[in-house]
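# Topology and contacts: notes
Listed below, chain by chain, are the residues.
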Amino acid sequence: MSSGLNTGDSAWLLVSTAMVLLMTPGLAFFYGGMVRSKNMLTMLYMSFICISLVTILWFLYGYGIAFGKDAGGLGLIGWGDWRLGNVGPDTLQGRIPEQIYACFQLTFAIITVALISGSIAGRARFGPWILFVVVWVTLVYLPIAHWVFAPSGWLSEWGVMDFAGGLVVELNSGISGLAMALVLGRGVEFRRGEGPRPGNIPFVMLGLGLLWFGWFGFNAGSALNDGALATRAFVSTMIAGCSGMLTWRLLEWLRTRHLTRLGSASGALAGLVAITPSCAFVSVEGAFLIGVVAAAVCTYAVQLKLVAGYDDTLDVAGIHGAGGIVGVLSLGFLATGWEKGTAGLFYGGPASVLGKQAVAVLAVGAYAFAVTFVIGTVIDRLFRMRMTPEEQAEGTDASFADE
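Because the structure is predicted, anything quoted here is derived from the model rather than measured.

Across its full length, the protein holds 15 helices and 2 strands. Radius of gyration (C-alpha) of the protein: 20 Å, near the 22 Å computed for a compact globule of 403 residues. Looking at the protein as a whole, 58% of its 403 residues are labelled buried. Pairs at least 24 residues apart make up 78% of the contacts formed inside the protein by residues separated by at least 6 positions. Roughly 15,400 Å² of accessible area belongs to the protein as shown, and the carbon and sulfur atoms make up 66% of that amount. In the protein, 22 positive and 24 negative side-chain charges are present, and the distance between their average locations comes to 8 Å.

Considering the arrangement of structural elements, one finds D380 in helix α14 (residues 351-383). D380 sits in the buried class, given a relative accessible area of 11%. In this view, D380 contacts V183, L184, M385 and R386; residues no more than four positions away in its chain are not counted.

This part covers helix α10 (residues 263-275). When the terminal C-alpha atoms of α10 are compared, their 19 Å separation across 13 residues agrees well with the 18 Å that a helix rising 1.5 Å per residue should span. The element α10 is largely enclosed, with a buried count of 13 among its 13 residues.

Right, let's talk about a nonpolar patch on the surface for a bit. Together, L131, V374, V378, L382 and F383 make up an exposed nonpolar region whose accessible area comes to about 450 Å². Here the nonpolar patch takes 4 residues from α14, the largest share from any one element. One can find F383 in helix α14. Classification of F383 as partly exposed rests on a relative accessible area of 45%.

A few words now on the state of the cysteines. This structure, assessed with the given rule, holds 0 disulfides. Between C279, a free cysteine, and C242, which holds the nearest cysteine sulfur, the sulfur-to-sulfur gap is 15 Å.

Here we come to the nonpolar core. Of all hydrophobic cores here, the largest spans 118 residues; its most connected members are W58, W129 and Y141. The element that contributes the greatest number of residues to this core is helix α4 (residues 126-149), accounting for 14 residues. Ignoring anything within four residues of it in the chain, the contact list for W58 reads Y63, A66, F67, A102, Q105, L106, A109, Y141 and L142.

Packed helix pairs are characterised by how far apart their axes lie and by the angle those axes make with each other. Here helix α2 (residues 40-67) crosses helix α3 (residues 98-116) at 125 degrees, and the two axes come no closer than 8 Å. With respect to α3, the element α2 is oriented oblique. Considering only the axes of α2 and α3, their crossing is right-handed. Of the residues in α3, those touching α2 at S47, C50, I51, V54, T55, W58, F59, Y63 and F67 are E98, Y101, A102, C103, Q105, L106, A109, I110, V113 and A114. Tallied by class, the residues present in the contact of α2 with α3 amount to 15 nonpolar, 3 polar and 1 charged.

In this model, helix α6 (residues 166-184) (19 residues) spans 26 Å end to end at C-alpha, consistent with the 27 Å of a helix rising 1.5 Å per residue. Roughly 30 degrees is the biggest bend found in α6, and it falls at N172. Judged by how many residues are buried, α6 sits mostly within the fold: 18 of 19 residues are covered. Looking at the residues trailing α6, positive phi occurs at G185, about 75 degrees.

Before going further, it helps to spend a moment on the packing of aromatic side chains. Under the definition given, this model contains 20 aromatic pairs. For the pair Y63 and F67, a centre-to-centre distance of 5.5 Å together with 25 degrees between the ring planes defines the contact as stacked. Residue Y63 and its partner F67 are located together in helix α2, separated by 4 residues, close to a single helical turn. Pair check on accessibility: Y63 and F67 agree, each one buried.

Glancing now at unusual backbone geometry. A positive phi angle, near 60 degrees, is found at R257, a position not held by glycine. Within the secondary structure, R257 is located in the loop between α9 (228-256) and α10. For R257, a relative accessible area of 52% gives the class exposed. Positive phi outside glycine occurs at D315, with the angle close to 60 degrees. Turning to its location among the elements, D315 is positioned in the loop between α12 (304-308) and α13 (316-334).

Let's shift gears to the side chain of H146. Note that H146 resides in helix α4. On the basis of relative accessible area, H146 is assigned to the buried category, the value being 0%. A polar side-chain atom of H146 sits 2.9 Å from the main-chain carbonyl oxygen of A66. Within polar-contact distance, the side chain of H146 engages the side chain of D70 at 2.7 Å. Residues in contact with H146, not counting those within four places in the same chain, are I65, A66, F67, G68, D70, G75, L76, I77, G78, S152 and G153.

Right, let's get into the environment of A181. By the secondary structure assignment, A181 is in helix α6. Residue classification places A181 among the buried residues on the basis of a relative accessible area of 2%. With 131 residues separating them in the primary sequence, A181 and D312 have C-alpha atoms 5.6 Å apart. If near-sequence neighbours (up to four positions away) are discounted, A181 is found in contact with S119, I120, R123, D311 and D312.

Definitions and limits used
- Within every chain, residues take consecutive numbers counted from 1 along the sequence as written.
- In view of the model being predicted, local features appear only for residues whose pLDDT reaches at least 70, and side-chain atom pairs are presented and counted only at 80 or more, with totals across whole chains, interfaces and linings using the full set of residues.
- Only hydrogens and water are set aside; all other atoms, that is, all heavy atoms of the structure, feed into the side-chain values.
- Segments assigned H or I by DSSP are reported as helices when at least four residues long, segments assigned E as strands when at least two residues long, and all are numbered from the N terminus.
- When we talk radius of gyration, it's over C-alpha atoms, and the globule rule is simply 2.2 Å times the number of residues to the 0.38.
- Buried, partly exposed and exposed residues are distinguished by accessible area as a fraction of the type maximum, computed with a 1.4 Å probe on protein chains only: under 20%, between the cut-offs, and over 50%, respectively.
- Here, residues are in contact when the closest pair of their heavy atoms is within 4.5 Å.
- Each accessible area value is a Shrake-Rupley result obtained with a 1.4 Å probe; residue values ignore everything except the protein chains displayed when judging cover.
- Positive charges are assigned to Lys and Arg, negative charges to Asp and Glu, while His and the chain termini are left out of the count.
- Lys charges are placed at NZ, Arg charges at CZ, Asp charges at CG and Glu charges at CD.
- Here the expected span of a helix is defined as 1.5 Å times the quantity of residues minus one.
- Patch criteria: residues need more than 30% relative accessible area and no salt bridge. Like-charged residues are merged within 9 Å; nonpolar side chains of Val, Leu, Ile, Met, Phe, Trp and Tyr are merged within 5 Å.
- Salt bridge criterion: a side-chain nitrogen from Lys or Arg within 4 Å of a carboxyl oxygen from Asp or Glu.
- When two cysteine sulfur atoms lie within 2.5 Å, the pair is treated as a disulfide.
- For our purposes a nonpolar core is just a set of buried Ala, Val, Leu, Ile, Met, Phe, Trp, Tyr and Cys residues, chained together by side-chain atoms within 4.5 Å.
- Axis lines are fitted through C-alpha atoms, for helices just across the contact stretch, and the angle between N-to-C directions can take any value from 0 to 180 degrees.
- Any angle that falls under 35 degrees is termed roughly parallel, while one over 145 is termed roughly antiparallel, one within 65 to 115 roughly perpendicular, and all others oblique.
- Definitions for this section: a left-handed crossing has its near helix turned counterclockwise from the far helix by less than a right angle. A right-handed crossing has that turn clockwise.
- Classification convention: Asp, Glu, Lys, Arg as charged; Ala, Val, Leu, Ile, Met, Phe, Trp, Tyr, Cys, Pro as nonpolar; all other residues, Gly among them, as polar.
- Here the bend at a residue means the angle between the axes of two seven-residue stretches, the one that ends at it and the one that starts at it.
- Ring geometry is summarised as follows: Phe, Tyr and Trp rings, the Trp one being its six-membered ring, pair when their centres sit within 6.5 Å, and such pairs are stacked at plane angles under 30 degrees, edge-to-face over 60 and tilted between the two.
- Two N or O atoms count as a polar contact when they lie within 3.5 Å, although within protein this holds only if one can serve as hydrogen donor and the other as acceptor, and sequence-adjacent residues are included solely when both atoms are side-chain atoms.

Next comes the structure, spelled out in C-alpha coordinates:
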(Lines give C-alpha, C1' and ligand atoms only; values in the text may rest on other atoms or scores of the structure.)
Protein backbone atom coordinates (compact mmCIF):
# COMPACT_ATOMS: atom_id res chain seq x y z
CA MET A 1 0.00 0.00 0.00
CA SER A 2 0.95 3.62 -0.38
CA SER A 3 3.10 5.14 2.32
CA GLY A 4 0.38 7.76 2.86
CA LEU A 5 -1.90 5.24 4.57
CA ASN A 6 -2.74 5.90 8.22
CA THR A 7 -3.70 2.58 9.77
CA GLY A 8 -5.27 4.13 12.87
CA ASP A 9 -7.56 6.39 10.84
CA SER A 10 -8.43 3.49 8.54
CA ALA A 11 -9.29 1.22 11.47
CA TRP A 12 -11.55 3.87 13.00
CA LEU A 13 -13.39 4.35 9.69
CA LEU A 14 -13.86 0.59 9.30
CA VAL A 15 -15.46 0.47 12.74
CA SER A 16 -17.52 3.61 12.08
CA THR A 17 -18.85 2.17 8.83
CA ALA A 18 -20.11 -0.93 10.63
CA MET A 19 -21.65 1.24 13.36
CA VAL A 20 -23.53 3.42 10.87
CA LEU A 21 -24.78 0.38 8.96
CA LEU A 22 -26.20 -0.94 12.24
CA MET A 23 -28.33 2.20 12.44
CA THR A 24 -30.62 0.94 9.66
CA PRO A 25 -31.61 -2.25 11.54
CA GLY A 26 -31.95 0.03 14.57
CA LEU A 27 -34.31 2.25 12.60
CA ALA A 28 -36.26 -0.82 11.50
CA PHE A 29 -36.89 -1.80 15.13
CA PHE A 30 -37.58 1.81 16.12
CA TYR A 31 -40.21 2.24 13.41
CA GLY A 32 -41.48 -1.32 13.72
CA GLY A 33 -42.21 -0.86 17.42
CA MET A 34 -43.96 2.47 16.86
CA VAL A 35 -46.60 1.16 14.44
CA ARG A 36 -49.48 -1.14 15.16
CA SER A 37 -48.76 -4.86 15.17
CA LYS A 38 -50.53 -5.36 11.83
CA ASN A 39 -47.93 -3.14 10.12
CA MET A 40 -44.78 -4.16 12.00
CA LEU A 41 -43.32 -6.69 9.55
CA THR A 42 -43.67 -4.33 6.61
CA MET A 43 -41.96 -1.50 8.47
CA LEU A 44 -39.03 -3.77 9.29
CA TYR A 45 -38.63 -4.80 5.66
CA MET A 46 -38.99 -1.26 4.33
CA SER A 47 -35.76 -0.41 6.14
CA PHE A 48 -33.89 -3.65 5.48
CA ILE A 49 -34.58 -3.63 1.73
CA CYS A 50 -32.81 -0.27 1.51
CA ILE A 51 -29.52 -1.91 2.51
CA SER A 52 -29.39 -4.19 -0.52
CA LEU A 53 -30.94 -1.79 -3.04
CA VAL A 54 -28.84 1.26 -2.21
CA THR A 55 -25.61 -0.76 -1.96
CA ILE A 56 -25.93 -2.03 -5.52
CA LEU A 57 -26.88 1.41 -6.83
CA TRP A 58 -23.98 2.99 -4.95
CA PHE A 59 -21.34 0.79 -6.50
CA LEU A 60 -22.93 0.88 -9.97
CA TYR A 61 -23.08 4.66 -10.24
CA GLY A 62 -24.06 6.35 -6.99
CA TYR A 63 -20.61 7.01 -5.57
CA GLY A 64 -19.44 8.43 -8.88
CA ILE A 65 -22.37 10.85 -9.09
CA ALA A 66 -22.11 11.99 -5.48
CA PHE A 67 -18.33 12.16 -5.08
CA GLY A 68 -16.94 12.10 -8.60
CA LYS A 69 -15.27 14.99 -10.36
CA ASP A 70 -17.73 17.83 -10.82
CA ALA A 71 -19.53 17.84 -14.17
CA GLY A 72 -19.69 21.26 -15.81
CA GLY A 73 -17.97 23.12 -12.99
CA LEU A 74 -21.24 24.28 -11.43
CA GLY A 75 -21.03 22.11 -8.32
CA LEU A 76 -24.36 20.42 -9.07
CA ILE A 77 -23.48 16.83 -9.92
CA GLY A 78 -20.48 14.55 -10.08
CA TRP A 79 -19.34 12.39 -12.95
CA GLY A 80 -17.17 9.71 -11.46
CA ASP A 81 -15.72 6.30 -11.94
CA TRP A 82 -18.63 3.91 -12.56
CA ARG A 83 -18.46 0.63 -10.64
CA LEU A 84 -15.35 2.01 -8.89
CA GLY A 85 -13.44 0.23 -11.66
CA ASN A 86 -10.17 2.06 -11.05
CA VAL A 87 -10.44 2.06 -7.26
CA GLY A 88 -8.58 -0.79 -5.62
CA PRO A 89 -7.82 -1.65 -1.98
CA ASP A 90 -4.63 0.40 -2.16
CA THR A 91 -6.24 3.52 -3.68
CA LEU A 92 -6.29 6.27 -1.05
CA GLN A 93 -8.76 9.00 -0.24
CA GLY A 94 -6.54 11.25 1.81
CA ARG A 95 -4.93 8.87 4.31
CA ILE A 96 -7.56 6.10 4.19
CA PRO A 97 -8.48 3.51 1.51
CA GLU A 98 -11.02 4.96 -0.89
CA GLN A 99 -13.04 1.74 -0.89
CA ILE A 100 -13.83 2.03 2.81
CA TYR A 101 -14.53 5.75 2.39
CA ALA A 102 -17.05 4.81 -0.31
CA CYS A 103 -18.64 2.24 2.02
CA PHE A 104 -18.83 4.76 4.85
CA GLN A 105 -20.67 7.24 2.64
CA LEU A 106 -22.91 4.43 1.39
CA THR A 107 -24.27 3.83 4.87
CA PHE A 108 -25.46 7.46 4.99
CA ALA A 109 -27.42 7.01 1.78
CA ILE A 110 -29.02 3.80 3.07
CA ILE A 111 -30.44 5.26 6.26
CA THR A 112 -31.54 8.52 4.63
CA VAL A 113 -34.01 6.88 2.29
CA ALA A 114 -35.07 4.39 4.98
CA LEU A 115 -36.05 7.30 7.23
CA ILE A 116 -38.69 8.43 4.73
CA SER A 117 -40.70 5.24 5.29
CA GLY A 118 -41.78 6.57 8.68
CA SER A 119 -43.84 9.32 7.05
CA ILE A 120 -45.95 6.85 5.09
CA ALA A 121 -46.12 4.01 7.60
CA GLY A 122 -49.26 1.89 7.36
CA ARG A 123 -50.45 3.12 3.97
CA ALA A 124 -47.76 2.40 1.35
CA ARG A 125 -47.48 -0.77 -0.73
CA PHE A 126 -44.13 -2.52 -0.53
CA GLY A 127 -43.60 -3.09 -4.28
CA PRO A 128 -43.84 0.59 -5.27
CA TRP A 129 -41.67 1.46 -2.24
CA ILE A 130 -38.82 -0.52 -3.82
CA LEU A 131 -39.11 1.56 -7.00
CA PHE A 132 -39.30 4.75 -4.95
CA VAL A 133 -36.04 3.90 -3.16
CA VAL A 134 -34.18 3.45 -6.45
CA VAL A 135 -35.51 6.62 -8.08
CA TRP A 136 -35.27 8.82 -4.99
CA VAL A 137 -31.67 7.92 -4.19
CA THR A 138 -30.74 8.62 -7.81
CA LEU A 139 -32.55 11.92 -8.29
CA VAL A 140 -32.58 13.42 -4.79
CA TYR A 141 -29.91 11.98 -2.51
CA LEU A 142 -26.99 11.83 -4.94
CA PRO A 143 -27.20 15.46 -6.14
CA ILE A 144 -27.63 16.84 -2.62
CA ALA A 145 -24.74 14.72 -1.33
CA HIS A 146 -22.58 16.20 -4.08
CA TRP A 147 -23.62 19.76 -3.21
CA VAL A 148 -22.68 19.39 0.45
CA PHE A 149 -20.15 16.58 0.90
CA ALA A 150 -18.08 16.68 -2.29
CA PRO A 151 -15.29 19.30 -2.18
CA SER A 152 -16.45 20.57 -5.59
CA GLY A 153 -20.13 20.84 -4.59
CA TRP A 154 -21.55 24.35 -4.73
CA LEU A 155 -22.59 24.48 -1.07
CA SER A 156 -19.28 23.00 0.04
CA GLU A 157 -17.27 25.51 -1.99
CA TRP A 158 -19.46 28.34 -0.70
CA GLY A 159 -18.44 27.52 2.86
CA VAL A 160 -21.68 26.00 4.19
CA MET A 161 -21.00 23.88 7.27
CA ASP A 162 -22.52 20.41 7.64
CA PHE A 163 -20.16 18.06 9.41
CA ALA A 164 -22.10 14.79 9.31
CA GLY A 165 -25.32 15.25 7.35
CA GLY A 166 -27.75 17.76 8.87
CA LEU A 167 -28.61 18.84 5.32
CA VAL A 168 -27.87 15.67 3.39
CA VAL A 169 -29.49 13.18 5.77
CA GLU A 170 -31.73 14.88 8.33
CA LEU A 171 -33.32 17.82 6.49
CA ASN A 172 -33.38 15.87 3.24
CA SER A 173 -35.25 12.91 4.72
CA GLY A 174 -37.57 15.09 6.81
CA ILE A 175 -38.70 17.29 3.92
CA SER A 176 -38.92 14.34 1.55
CA GLY A 177 -41.01 12.53 4.14
CA LEU A 178 -43.35 15.52 4.28
CA ALA A 179 -43.69 15.46 0.49
CA MET A 180 -44.57 11.76 0.51
CA ALA A 181 -47.04 12.24 3.35
CA LEU A 182 -48.85 14.77 1.17
CA VAL A 183 -48.68 12.54 -1.91
CA LEU A 184 -50.24 9.53 -0.17
CA GLY A 185 -52.68 11.57 1.89
CA ARG A 186 -54.02 10.86 5.33
CA GLY A 187 -54.33 7.32 6.61
CA VAL A 188 -57.53 5.80 7.93
CA GLU A 189 -56.51 6.12 11.58
CA PHE A 190 -55.45 9.74 11.14
CA ARG A 191 -58.77 10.68 9.53
CA ARG A 192 -60.59 9.07 12.42
CA GLY A 193 -58.53 11.05 14.89
CA GLU A 194 -57.09 7.94 16.48
CA GLY A 195 -53.83 8.48 18.32
CA PRO A 196 -50.72 6.38 17.77
CA ARG A 197 -50.75 2.89 19.24
CA PRO A 198 -47.20 1.56 19.39
CA GLY A 199 -47.22 -2.18 18.98
CA ASN A 200 -43.98 -2.89 20.83
CA ILE A 201 -42.35 -0.34 23.12
CA PRO A 202 -39.33 -2.59 23.85
CA PHE A 203 -38.65 -2.61 20.10
CA VAL A 204 -38.70 1.20 20.14
CA MET A 205 -36.19 1.37 22.97
CA LEU A 206 -33.99 -1.30 21.37
CA GLY A 207 -34.08 0.67 18.13
CA LEU A 208 -33.16 3.88 19.93
CA GLY A 209 -30.21 2.15 21.59
CA LEU A 210 -28.91 0.86 18.27
CA LEU A 211 -29.41 4.24 16.62
CA TRP A 212 -27.60 6.05 19.43
CA PHE A 213 -24.71 3.60 19.30
CA GLY A 214 -24.42 3.98 15.55
CA TRP A 215 -24.66 7.77 15.81
CA PHE A 216 -21.20 7.88 17.39
CA GLY A 217 -19.83 6.32 14.21
CA PHE A 218 -22.06 8.58 12.13
CA ASN A 219 -20.73 11.79 13.68
CA ALA A 220 -17.27 10.95 14.99
CA GLY A 221 -16.54 8.80 11.95
CA SER A 222 -17.12 11.82 9.72
CA ALA A 223 -13.85 13.25 11.04
CA LEU A 224 -12.15 10.54 8.94
CA ASN A 225 -9.49 10.26 11.64
CA ASP A 226 -9.18 9.12 15.23
CA GLY A 227 -7.94 12.39 16.68
CA ALA A 228 -9.26 15.51 18.37
CA LEU A 229 -11.93 16.24 15.75
CA ALA A 230 -13.52 12.82 16.21
CA THR A 231 -13.31 13.24 19.99
CA ARG A 232 -15.20 16.52 19.94
CA ALA A 233 -17.88 15.08 17.65
CA PHE A 234 -18.23 12.01 19.90
CA VAL A 235 -18.66 14.02 23.10
CA SER A 236 -21.07 16.52 21.53
CA THR A 237 -23.22 13.65 20.29
CA MET A 238 -23.55 12.22 23.79
CA ILE A 239 -24.37 15.55 25.41
CA ALA A 240 -26.96 16.69 22.86
CA GLY A 241 -28.80 13.36 22.94
CA CYS A 242 -29.09 13.49 26.72
CA SER A 243 -30.11 17.14 26.96
CA GLY A 244 -32.72 16.55 24.27
CA MET A 245 -34.16 13.58 26.12
CA LEU A 246 -34.44 15.42 29.43
CA THR A 247 -35.85 18.58 27.86
CA TRP A 248 -38.62 16.70 26.05
CA ARG A 249 -39.63 14.95 29.25
CA LEU A 250 -39.64 18.21 31.18
CA LEU A 251 -41.80 19.97 28.60
CA GLU A 252 -44.26 17.08 28.56
CA TRP A 253 -44.64 17.30 32.32
CA LEU A 254 -45.06 21.06 32.32
CA ARG A 255 -47.75 20.93 29.64
CA THR A 256 -49.77 17.88 30.59
CA ARG A 257 -48.54 16.73 34.02
CA HIS A 258 -47.88 13.28 32.61
CA LEU A 259 -45.16 11.59 30.59
CA THR A 260 -45.77 9.70 27.36
CA ARG A 261 -44.14 6.38 26.64
CA LEU A 262 -42.30 7.71 23.61
CA GLY A 263 -41.19 11.03 25.08
CA SER A 264 -37.69 9.96 26.05
CA ALA A 265 -37.03 8.34 22.68
CA SER A 266 -38.33 11.33 20.74
CA GLY A 267 -36.33 13.82 22.81
CA ALA A 268 -33.08 11.89 22.46
CA LEU A 269 -33.65 11.54 18.75
CA ALA A 270 -34.29 15.29 18.37
CA GLY A 271 -31.01 16.09 20.13
CA LEU A 272 -29.05 13.57 18.08
CA VAL A 273 -30.52 14.88 14.83
CA ALA A 274 -29.73 18.51 15.63
CA ILE A 275 -26.15 17.88 16.70
CA THR A 276 -25.33 15.97 13.52
CA PRO A 277 -24.31 18.98 11.37
CA SER A 278 -22.60 20.80 14.22
CA CYS A 279 -21.02 18.12 16.42
CA ALA A 280 -17.40 19.00 15.56
CA PHE A 281 -17.93 22.76 15.33
CA VAL A 282 -19.42 23.59 18.76
CA SER A 283 -18.31 23.47 22.39
CA VAL A 284 -19.80 21.14 24.99
CA GLU A 285 -21.99 24.03 26.19
CA GLY A 286 -23.12 24.57 22.61
CA ALA A 287 -23.97 20.89 22.23
CA PHE A 288 -26.06 21.01 25.42
CA LEU A 289 -27.94 24.08 24.19
CA ILE A 290 -28.56 22.57 20.76
CA GLY A 291 -30.13 19.51 22.37
CA VAL A 292 -32.39 21.68 24.52
CA VAL A 293 -33.50 23.92 21.65
CA ALA A 294 -34.03 21.01 19.27
CA ALA A 295 -36.23 19.14 21.74
CA ALA A 296 -38.29 22.27 22.41
CA VAL A 297 -38.75 23.02 18.70
CA CYS A 298 -39.53 19.43 17.77
CA THR A 299 -42.19 19.04 20.49
CA TYR A 300 -44.14 21.74 18.67
CA ALA A 301 -43.18 20.59 15.17
CA VAL A 302 -44.65 17.11 15.70
CA GLN A 303 -47.96 18.73 16.66
CA LEU A 304 -48.09 20.78 13.49
CA LYS A 305 -49.48 17.85 11.53
CA LEU A 306 -52.60 17.89 13.68
CA VAL A 307 -53.14 21.57 12.90
CA ALA A 308 -52.26 21.42 9.20
CA GLY A 309 -53.89 18.04 8.61
CA TYR A 310 -51.05 16.08 6.98
CA ASP A 311 -50.27 12.53 8.11
CA ASP A 312 -46.55 12.39 8.93
CA THR A 313 -47.16 9.11 10.69
CA LEU A 314 -43.94 8.65 12.69
CA ASP A 315 -42.93 12.34 12.79
CA VAL A 316 -40.10 12.23 10.27
CA ALA A 317 -40.70 15.84 9.25
CA GLY A 318 -41.37 16.90 12.83
CA ILE A 319 -38.11 15.49 14.22
CA HIS A 320 -35.66 14.97 11.38
CA GLY A 321 -36.81 17.94 9.33
CA ALA A 322 -37.23 20.42 12.17
CA GLY A 323 -34.25 19.05 14.10
CA GLY A 324 -32.07 19.26 11.02
CA ILE A 325 -33.02 22.91 10.53
CA VAL A 326 -32.17 23.70 14.16
CA GLY A 327 -28.79 22.00 13.85
CA VAL A 328 -27.80 23.67 10.59
CA LEU A 329 -28.89 27.16 11.65
CA SER A 330 -27.32 26.82 15.11
CA LEU A 331 -23.91 26.90 13.45
CA GLY A 332 -24.55 30.49 12.49
CA PHE A 333 -24.55 31.29 16.21
CA LEU A 334 -22.59 28.59 18.04
CA ALA A 335 -19.75 27.53 15.74
CA THR A 336 -16.51 28.18 17.61
CA GLY A 337 -14.25 28.32 14.56
CA TRP A 338 -12.05 25.58 16.04
CA GLU A 339 -10.24 23.16 13.71
CA LYS A 340 -12.69 23.37 10.79
CA GLY A 341 -15.37 25.82 9.80
CA THR A 342 -15.98 29.49 10.54
CA ALA A 343 -16.98 31.09 13.85
CA GLY A 344 -20.65 31.93 14.40
CA LEU A 345 -22.13 35.17 15.70
CA PHE A 346 -21.65 34.27 19.38
CA TYR A 347 -17.92 33.78 18.76
CA GLY A 348 -17.28 36.91 16.75
CA GLY A 349 -18.09 35.54 13.32
CA PRO A 350 -19.87 37.47 10.56
CA ALA A 351 -23.61 37.42 9.94
CA SER A 352 -22.90 35.96 6.51
CA VAL A 353 -22.24 32.60 8.18
CA LEU A 354 -25.84 32.41 9.36
CA GLY A 355 -27.02 33.65 5.99
CA LYS A 356 -25.21 30.87 4.14
CA GLN A 357 -26.60 28.25 6.50
CA ALA A 358 -30.13 29.60 5.94
CA VAL A 359 -29.73 29.59 2.15
CA ALA A 360 -28.53 25.99 2.32
CA VAL A 361 -31.62 25.00 4.32
CA LEU A 362 -33.90 26.66 1.76
CA ALA A 363 -32.07 25.21 -1.25
CA VAL A 364 -31.91 21.64 0.02
CA GLY A 365 -35.44 21.75 1.41
CA ALA A 366 -36.96 23.15 -1.78
CA TYR A 367 -35.16 20.70 -4.05
CA ALA A 368 -35.92 17.68 -1.86
CA PHE A 369 -39.61 18.57 -1.52
CA ALA A 370 -40.24 19.38 -5.19
CA VAL A 371 -38.44 16.39 -6.69
CA THR A 372 -39.76 13.93 -4.09
CA PHE A 373 -43.32 15.15 -4.61
CA VAL A 374 -43.01 14.55 -8.36
CA ILE A 375 -41.40 11.13 -7.89
CA GLY A 376 -44.06 10.03 -5.40
CA THR A 377 -46.93 11.31 -7.54
CA VAL A 378 -45.70 9.54 -10.68
CA ILE A 379 -45.08 6.24 -8.91
CA ASP A 380 -48.46 6.41 -7.19
CA ARG A 381 -50.26 7.14 -10.47
CA LEU A 382 -48.46 4.37 -12.39
CA PHE A 383 -48.17 1.66 -9.74
CA ARG A 384 -50.65 2.62 -6.99
CA MET A 385 -48.34 3.18 -4.07
CA ARG A 386 -51.19 4.23 -1.78
CA MET A 387 -53.14 1.44 -0.12
CA THR A 388 -56.93 1.50 -0.15
CA PRO A 389 -58.80 2.23 3.10
CA GLU A 390 -59.77 -1.44 3.26
CA GLU A 391 -56.15 -2.54 2.88
CA GLN A 392 -55.05 -0.07 5.53
CA ALA A 393 -57.67 -1.34 7.95
CA GLU A 394 -56.49 -4.91 7.41
CA GLY A 395 -52.84 -3.91 7.82
CA THR A 396 -49.86 -3.78 5.49
CA ASP A 397 -48.55 -7.13 6.71
CA ALA A 398 -51.63 -8.93 5.38
CA SER A 399 -50.77 -8.13 1.78
CA PHE A 400 -47.00 -8.23 2.20
CA ALA A 401 -46.62 -11.75 0.84
CA ASP A 402 -48.65 -10.84 -2.24
CA GLU A 403 -46.57 -7.81 -3.25
